[in-house]
Structure formats: structure tokens, C-alpha cells
Amino acid sequence: MKQEILAKRIADVIQQNGRPMHIKEIASHFPDKPESTIRGRLYTNLKKRFDRVARGVYMLLSGDGAAFVVEGDGRNLAMFEDESVDAIVTDHPWEDEASNKGTNRVFDKTYDHTSFRYTIEDFEEKARVLKEGGFLVEILPAENEQNFKYLYEIKVMAEAAGLNYYAKVPWRKGKCVYNTGRKSKNSEDIMFFVKGRARALRPDKQRGGWMSGTSYMLPTEFDFEPISPKKRIHQAEKPVELYEAILEAITRPGEMVVDQFAGSGNLGRAAMRRGRIGVLFEILKENVSRMVQNLSIPEISLQV
Ligand SMILES: C[S@@+](CC[C@H](N)C(=O)[O-])C[C@H]1O[C@@H](n2cnc3c(N)ncnc32)[C@H](O)[C@@H]1O
């Protein structure tokens, strides 16, 4: 009974705070109790009352979706324990001028300095934190004469890290076709990888239960209007509906999805709408402030 009262008091503290909290922060509200007691209450109520977001960081389980923002380097996934993340959905910054022209990846010095090329270590880290059977979704520009080798390398590196090619679904960006000289362009590629064998998200209509694979048959293309330049808060902003379709395919409600390069934070909006928990990394301070406004959530830092 006493234990229940302490769990309730911890829940009240996290609720008043309005964001996930590190265990040390929680413990500072209970100076008469050793940290081990607090940890004990959190552990015994895990998945009932609390959820663990990262090493030492706990949030209140509400049944609703949630999103929070980490200001920092999304390539550094050290805050996550092995096999603790249900899915990663991300859109890596791009430096190739040709693939930016005429698309929403307008070449811009403000984020060019944050662009990079993936290495095998990036994929090993993604594979480490993902749960077995979990999906990694990489949003990549359409192939062209400048980027095709790198796009191929990405798939090879992913496979070498144990993230198997599952599907490629182009995102057709509405009706507008961008004129880039001789070639027209209006798509990006959504790459689905899976750690090992895909988890079972597909209902088995004949025998009941679940079959391996995404929750619904992936379409030949996603068809969502891009956000108009006037309404965009980030030049590479993806529509929330696109993210919702992806989240529905690869996760269940209540699960945690990480966006390593979040930009506008629209993945977080999709997570909140669909009852998922989004953890969003962004390295540029000005993007973080805009993202927090976009998400209407209190500004938080999860550096632990
Ligand atoms: C392609 S944009 C993402 C756009 C996003 N998908 C959206 O819908 O708004 C990539 C973002 O990653 C950020 N970024 C670049 N390097 C980063 C890093 N190492 N860690 C976290 N964010 C980074 C950039 O500032 C940029 O906002």
C-alpha cells in the first residue's frame, strides 16, 4: 500500500513537470528516500504507470502519444540501451546540390554545415538500439547521377549491420513536377529496412494471430501533397500524413520511434496523433525552437 502511494507521488511529480524526467531529478523531490527506492518504484510500475525513454529517463504512461526533443547530435544514440527502440524513422541531411535543386531540399548554407555521410558505425548503432524485427525507415532523395553510388552504399552498409532491405516505396509529391532542365522530378524514396526478420504486425485473417511484416501491404507509392513553401517551417519538411502512414505500417500504439534528424518535428506530430512516443533529435538550436512551437510541447533537454 505504502509502495503504491510512493508510485502515485512519483507520477504526480512527473505530471507536474510536464515532460520525461531523469531519475536523479525525480529523486531530488524525495530527499528522505534513497534513489534505489525511487528506482524500485519506477521498475515495478514499468509499462503500468511509467515508461522508460532512455537510460535513466522516465515518462508517465498516458496511453496517448507524446513527443519530445533532444537538442544534440542524432548520430549519437548512446542514451538508448541495446534493443530498446521500436522503430527509427529519419531523413538524413543532404549535401548533394543536384538532388536539392527544384525539390524541397533547397541547398542552403544554414544546414549544409550539418550535413555528413553515413558510415557503417551509424548503421551499427541503429541496429544496436533497435529491437529485433524492428524497422528502420530512411527517407532518401530520388536517385540521380551524383548520388547513386552513395544511395547504393547506404543499402550495403545497412545490410552489413544486420538491417535487411525490406522495401522501397517512393513518395510521390503530389501533382506538381519540378522542372530541372531535361529531367523532371517529384519524388523521394522511402527505404524500409528491418533488423533480422520483420516483426509480426500483419493480422492473419485466415488463422487469426499475426504474421511477419508491416501492418498493411505497403503501397507502390505514397501519394501525399508536399507542404507549400509558404506554410513550411523547414525546407525539407515532410507532410505529417506521410509520417502517419509510415508509423501505422511499422509500429503499434504506445511504441517508441526515434527521428535522428528531425527538422520541423513533423514525425513528432504524427506520433502524437497516432498514439506513439516520438523522440526527436535536432542539432540546430533555431530548428529546435521552431520544432517545439510546432509540437506545442514544453522545451526540454534530454541530455543524460
Ligand atoms: C532533412 S532535414 C529533416 C526534415 C524533417 N524530416 C522534416 O520533416 O521536417 C535534416 C535535419 O537534420 C538536422 N541535422 C543535421 N545534422 C544533425 C545531427 N548530427 N544530429 C541531429 N540533427 C542534425 C538538420 O539541421 C536538419 O534540420
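Novice: Help me understand the nonpolar core in this model?
Specialist: Nonpolar side chains tend toward joint burial in soluble globular proteins. Formed by 67 residues in total, the largest nonpolar core has its most connected members in V137, I246 and L280. The leading source of residues in this core is helix 8 (residues 240-250), at eight residues. Counting contributing residues per domain, this core is built from domain 1 (1-61) and domain 2 (63-295), each supplying no fewer than three. Residues within four places of I246 in sequence aside, it is in contact with V89, V137 and I190.

Novice: Please clarify how the packing of helix 8 against helix 9 (residues 266-273) should be interpreted in this entry.
Specialist: Each pair of packed helices can be described by the angle between their axes along with the distance between the axes. In contact at an axis separation of 8 Å, helix 8 and helix 9 are set at 55 degrees when each is read in the N-to-C sense. Our classification of the angle between helix 8 and helix 9 gives oblique. Where helix 8 crosses over helix 9, the handedness of that crossing is right-handed. Facing helix 8, whose interface residues are V240, Y243, E244 and L247, helix 9 presents N266, L267, R269, A270, A271 and R273. In terms of residue class, the contact of helix 8 with helix 9 is built from six nonpolar, one polar and three charged.

Novice: Help me understand the sheet that holds strand 13 (residues 222-223), please; the structure alone is not making it clear to me.
Specialist: Here eight strands make up an open sheet; going across it, the order is 4-15-14-5-6-10-7-13 and the pairing mixed. Each edge of the open sheet is held by one strand with a lone partner, namely strand 4 (66-71) and strand 13. Sheet topology note: the strand 5 (residues 85-90)/strand 6 (residues 130-141) ladder contains five bridges and is parallel. Residue V89 lies in a different strand from strand 6, and its bridge partner there is V137. Packing against the sheet, helix 6 (residues 120-129) makes contact with strand 5, strand 6, strand 7 (163-172) and strand 10 (187-195), and its axis sits at approximately 140 degrees to strand 6. Together, strand 6, strand 7 and strand 10 form the strand contacts of helix 7 (residues 148-160), whose direction differs from that of strand 7 by roughly 145 degrees.

Novice: Even after reading the chapter, I still don't get the packing of helix 1 (residues 2-17) against helix 3 (residues 35-44), so can you show me in this structure?
Specialist: The geometry of helix 1 relative to helix 3 is characterised by a closest axis approach of 10 Å and an angle of 90 degrees between their N-to-C directions. Between helix 1 and helix 3, the angle falls in the class roughly perpendicular. Residues Q3, L6, A7 and I10 of helix 1 lie in contact with helix 3, whose contacting residues are I38, R41 and L42. The residue inventory of the contact of helix 1 with helix 3, partitioned by class, reads five nonpolar, one polar and one charged.

Novice: Honestly, the pairing of strand 15 (residues 277-282) in this entry has me stumped. Any pointers?
Specialist: As a general feature of sheets, a regular strand has side chains that alternate between the two faces. Counting buried positions along strand 15 yields six of six residues, so the element is predominantly enclosed. Here strand 15 shows no split at all, with I277, V279 and F281 on one side and G278, L280 and E282 on the other all buried. Of the strand pairs in this sheet, strand 14 (residues 256-259) and strand 15 are connected by four bridges, and their pairing is parallel. Across the sheet, D259 pairs through a bridge with L280, a residue of strand 15.

What counts, and where the lines are drawn
Residues numbered from 1 in each chain as written. Predicted model: local features only at pLDDT ≥ 70, side-chain atom pairs only at ≥ 80, totals over all residues. Core = buried A, V, L, I, M, F, W, Y, C linked by C-beta atoms within 7 Å. Buried ≥ 20, exposed ≤ 12 C-beta atoms within 10 Å, placed from the backbone. Helix = DSSP H or I, 4+ residues; strand = E, 2+ residues; numbered from the N terminus. Domains from an automatic or database assignment. Contact = placed C-beta atoms within 7 Å. Axes fitted to C-alpha atoms, helices over the stretch in contact; angles between N-to-C directions. Parallel < 35°, antiparallel > 145°, perpendicular 65-115°, else oblique. Left-handed = near helix turned anticlockwise from the far one by under 90°. Nonpolar A, V, L, I, M, F, W, Y, C, P; charged D, E, K, R; others polar. Pairing = 2+ DSSP bridges.

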